[in-house]
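Fold and contact review
The lines below spell out each chain.
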Amino acid sequence: MQSRFRVSLGAGALLSALAMSTAAMATPSQAPFTGRETMPVAGDVFACQSGDLTAQSGTITTVFHENADNNGMYHFTGTVVPNGVTLTDAAGNWYTISGASWFGGTSSDPDGNSMPLVSTETDHFVIRTASGGVYAKVQVVGHISPNGDMFIFDRGTCEEPAD
C-alpha cells in the first residue's frame, strides 16, 4: 500500500511526523524555501470505524515552507490538500473527500534530529457519500508545547492513511 497522506493518527506517529518535519530545514545562511509537490493517492486507505475506504483516484498537493531566523531558530509550515480524491468501501460504494491538513512549528535543530520546540497540526477532512451527505470525518488537533507537554484531540471517525 502506498500511503501518502501526511500523518497517521496517534501520539507516537504525530511526534515522529512533527520531528521529521524539521529534517529539511534551512540553515541561517540559506534563503527561505518553499516547495510544492503533487502526488497520486490511489491505493491509500482511510481506516474508518464503519469500514476501510480505499482511494481510487485523485491527488494530494503538499506545500511546505521553511526559514531560519536571525536567532538560529528554524520555522516550518505545511499544508496538504486533496484534489479530486474518490474513495470506495468494500461494497463498492463511492465517496469523495475534502478538507486539509496543516502543520507548523519551530525547532533549534536544522537537521530534524531533535523534537521541535513547539509544533501544531490540524487535520480536518470530510468524507461524503455519492449523494453529498457526510459519511465520516477526520478531525485531529495535535500540539507540542515548548515545555515538552503535548496533546492530541481526535474527534473523527476515520484515520488518515499512514505515511
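Placed above this text is the structure.
Description of the structure in this document. (Residues numbered from 1 in each chain as written. Predicted model: local features only at pLDDT ≥ 70, side-chain atom pairs only at ≥ 80, totals over all residues. Heavy atoms only, no water.)

**Quick look at the side chain of Thr88**
Considering the arrangement of structural elements, one finds Thr88 in strand β4 (residues 74-88). A polar contact of 2.9 Å, which involves the side chain of Thr88, links it to the side chain of Gln56. Ignoring anything within four residues of it in the chain, the contact list for Thr88 reads Asp52, Leu53, Thr54, Gln56, Asn93, Trp94 and Tyr95. (Helix = DSSP H or I, 4+ residues; strand = E, 2+ residues; numbered from the N terminus. Polar contact = N/O pair within 3.5 Å; in protein donor to acceptor, adjacent residues only side chain to side chain. Contact = heavy atoms within 4.5 Å.)

**Re the nonpolar core**
Judged by nonpolar contacts, the single largest core of 18 residues is most densely connected at Phe46, Leu53, Leu87, Ile97 and Ile127. Looking at this core, the elements with two or more residues in it are β2 (45-48), β3 (53-68), β4, β5 (94-107), β6 (118-129) and β7 (134-144). The contact partners of Ile97, leaving out residues within four places of it in the chain, are Phe46, Pro82, Val85, Leu87, Phe125, Val126 and Ile127. (Core = buried A, V, L, I, M, F, W, Y, C linked by side-chain atoms within 4.5 Å. Buried < 20%, exposed > 50% of the residue type's maximum accessible area, 1.4 Å probe, protein only.)

**Comments concerning the pairing of β7**
Note that β6 and β7 share ten bridges and pair antiparallel. Each bridged residue has a counterpart across the sheet, and for Phe125 the counterpart in β7 is Val138. Connecting the antiparallel pair β6 and β7 is a turn made up of four residues, with Gly132 showing a positive phi of about 100°. Sheet analysis places β7 next to strand β8 (residues 150-154), joined by five bridges and oriented antiparallel. Bridge pairing in β8 links Gly142 to Ile152. (Pairing = 2+ DSSP bridges.)

**Quick word on the environment of Ala130**
Its place among the elements puts Ala130 in the loop between β6 and β7. For Ala130, a relative accessible area of 72% translates into the label exposed. For the pair Ala130 and Tyr95, spaced 35 residues apart in sequence, the C-alpha separation works out to 5.5 Å.

So far we have only geometry, and geometry alone does not tell us how the molecule works.
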